[in-house]
Amino acid sequence: MSELVRGTPGLVRAVNDRAALHLLLRQGPLTRPEISRLTGLSKPTASQVLARLEGAGLVVGNGLRTGLPGRVPETYRVNPAAAYATAVDVTPEWIAVRAADITGAVLGESEAPAPAGGGREALVTALRAALARVPTPEPPRRVVVGVQGAVDPTTGRLAHASEEDMAAWFFPDVERTLGEELGVPVRIENDVNLAAVAERAHAAAGCADFVLLWADEGLGAALVLDGRLHRGHFGGAGEVGYLPLPGAPTAREAGDPYGRHGYQELAGGDAVRDLLRAHGVPGADFAETVAEAVRRGGYGGDTGAARAAGAAGEDAPAVGEAPPVGEGAEAARAGLGRVAARLAAGLASIVTVVDPGLVVLAGRLCAAGGEPLRALVERELRVLAHSRARIRLSAVPGNPVLAGALDLALTAVREEVFGGPPPVGGGPVL
């Protein structure tokens, strides 16, 4: 029998402090009696906890709560000035930045064109300028950068990225080096993984096992298993664009494992645009052609009610029964059906291996197709795989990569400042 490990007074105080801080973060401002009741701490212990946290600058008074009978109590909240976090989304076209205080209140946001060309020095200059556009009162405790690639933890180098778009990032120990150059702790994360992090509070709320398929100019996926991102041993989990599929060239045929082949050549943005144009659907790019196919097919557009139904997992109108409207409706519907079949072909392999409870469809291609495309993909997937996973559209407003990056940055900052994650069960040590 293992010996019981007893907590020291210092450990007990630290756990109680963390419990109070995380409670104030979720439900504050709160009074002393409310903190005592919600944590289960005695009133004297709750008062001692608040005194320690005020002395450390982690908690501040938030004024008196009036309008109640009896003694007017003072309320407390987490001190917004205790620490700051910053999120960055880097693409070949732009660099977007968002900063927040430790409570999650956003201080500012900015987006500017990415510099063309240049090496590591140009990259550092561009990132430094981006951070300066959204300053924080003190340097951020953590900066999370979303990129179209992933850091290989076995080498410390950026991998699974295009040299054409990310050439400036290919240098040793990229996270540590950028952190030293910028003077702040830096974490680099795959952009699709970050979109999945953001989705945990939206379309994937309450689902511990889900897959996010990002369908845009490129294809990517993120795997969340048992509530945690699964990145893989080499950081490349979710790089489904290279997935071999019938009807697409293989890596052997392309002559390059990172060349034009697989799922990407079947259902990436260019392939979808060309497919729909072959069905007589015009459009300058894949997003326009998909949206036009929905319109010509007589689906009635992506209505707010239909999108909400898809995001909530409710039954939406059967798109297969929508009446054809206008010239070329039948061809447009056939084309959109083939797009859905191609997307579902890749998803069938993913869900068969991972067995998620939910698949979230994200990216501009899925947004353009909306509820009609979602329903078609779901129908095709039911034919191709035995999965009972629900299919939902992304429900994150704005930039999901920035939202996910800020979520990760704030989680890291809070664990550092509060001394760790919330205690198991969220409660204190009495």
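Sequence order as written defines residue numbering, which begins from 1 separately in each chain. This being a predicted model, a pLDDT of at least 70 is required before a residue's local features are given, and a value of 80 or more before pairs of side-chain atoms are given or counted; all residues contribute to the totals for chains, interfaces and linings. Computation of side-chain values: all heavy atoms of the structure, hydrogens and water removed.

K.L.:
Is there a simple way to explain the sheet that holds strand β11 (residues 210–215) in this structure?
P.N.:
Two orientations exist for strands paired in a sheet by backbone hydrogen bonds: parallel and antiparallel. Only strands joined by at least two bridges in the DSSP assignment are considered to pair. The helix and strand labels rest on DSSP assignments: H or I over at least four residues marks a helix, E over at least two residues marks a strand, and numbering proceeds from the N terminus. Taken in spatial order, the 5 strands make up an open sheet running β13-β12-β11-β14-β15, and their pairing is mixed. Since the sheet does not close on itself, it has two edges, and those belong to β13 (228–229) and β15 (390–393), each with one partner. In the sheet, β11 pairs with strand β12 (residues 219–225) via 6 bridges, with the strands oriented antiparallel. When the bridges of β12 are listed, W214 appears paired with G220.

K.L.:
Any chance you could explain the pairing of β12 here in plain terms?
P.N.:
On a regular strand, each side chain points to the face opposite its neighbour's, so the side chains alternate between the two faces of the sheet. Exposure classes here rest on a 1.4 Å probe applied to the protein chains alone. A residue is buried below 20% of its type maximum, exposed above 50%, and partly exposed in between. Most of β12 sits out of view: 6 of its 7 residues are buried. The turn linking β11 back onto β12 is made up of 3 residues. Relative to β13, β12 runs antiparallel, the two being bridged by 2 bridges. Directly across from V224, in β13, lies its bridge partner L229. Where β12 hands over to β13, the hairpin turn is made up of 2 residues, of which D226 adopts a positive phi near 55°.

K.L.:
Explain the sheet that holds strand β6 (residues 106–113) here, please?
P.N.:
Spatial strand order, β6-β5-β4-β7-β10: 5 strands in an open sheet with mixed pairing. Since the sheet does not close on itself, it has two edges, and those belong to β6 and β10 (186–190), each with one partner. On average, each strand axis in the sheet is inclined to that of its neighbour by 15°, with strand direction left out of account. Note: strand β5 (residues 94–101) against β6, 7 bridges, orientation antiparallel. Bridge assignment links A96 to a residue of β6, and that residue is E111. Only the stretch in contact is used when a helix axis is fitted, and all axes are lines through C-alpha atoms; the angle between N-to-C directions ranges over 0 to 180 degrees.

K.L.:
Please clarify how a negative patch on the surface should be interpreted in this entry.
P.N.:
Judged by side-chain charge, E93, E164, D165 and E217 come together as a negatively charged surface patch. Relative to the assigned elements, E217 resides in the loop between β11 and β12. Residues enter patches when their relative accessible area tops 30% and they take part in no salt bridge; the joining distance is 9 Å for like charges and 5 Å for the nonpolar side chains Val, Leu, Ile, Met, Phe, Trp and Tyr. In this description, accessible areas are obtained by the Shrake-Rupley approach with a 1.4 Å probe, and a residue is regarded as covered only by the protein chains that are shown. Basic side-chain nitrogens of Lys or Arg form a salt bridge, by our definition, when they fall within 4 Å of a carboxyl oxygen of Asp or Glu. By the counting rule applied here, Lys and Arg register as positive and Asp and Glu as negative, while His and the ends of each chain are not counted. Lysine's charge is taken at NZ, arginine's at CZ, aspartate's at CG and glutamate's at CD.

K.L.:
Would you take a moment to explain the pattern of salt bridges for this structure?
P.N.:
A pair can form between side chains of opposite charge whenever their charged atoms are brought close. Within this structure, the stated rule accounts for 17 salt bridges. Between R120 and E181 there is a salt bridge; the shortest N-O distance is 3.3 Å. Here E181 lies in helix α6 (residues 174–182) and R120 lies in helix α4 (residues 120–133), a separation of 61 residues in the sequence. Here R120 falls in the partly exposed class, since its relative accessible area comes to 38%. Residue class for E181 comes out partly exposed when judged on its relative accessible area of 34%. Residues R200 and D407 are paired through a salt bridge, measuring 4.0 Å at the closest nitrogen-oxygen approach. Of this pair, R200 sits in the loop between α7 (191–199) and β11 while D407 sits in helix α15 (residues 400–418), placing them 207 residues apart in sequence. Taking relative accessible area as the criterion, R200 reaches 32% and is therefore assigned partly exposed. Here the salt bridges do not stand alone but share partners, grouping E371, R374, E378 and R382 into one network.

K.L.:
When you look at the confidence of the model for the protein chain in this model, what are you seeing that I'm missing?
P.N.:
Parts of the model with low pLDDT should not have their predicted coordinates read in detail. Per-residue confidence from the prediction method is given by pLDDT, with values spanning 0 to 100. Confidence in the prediction for the protein chain averages 89 pLDDT; 89% of positions are at 70 or higher. Segment residues 301–323: pLDDT under 50, and 42 contacts once partners within four positions in sequence are set aside and those in other chains are kept. In the model, residues 426–430 has pLDDT below 50 throughout and makes 15 contacts with residues more than four positions away in sequence or in other chains. The contact rule is simple, with two residues in contact once any of their heavy atoms fall within 4.5 Å.

K.L.:
What exactly am I supposed to notice about unusual backbone geometry here?
P.N.:
A negative phi holds for most residues other than glycine; trans holds for most peptide bonds. In this structure, the amide linkage connecting G28 to the following residue, P29, adopts the cis form with an omega of 0°. Mapped onto the elements, P29 comes out in the loop between α1 (9–27) and β1 (30–31).

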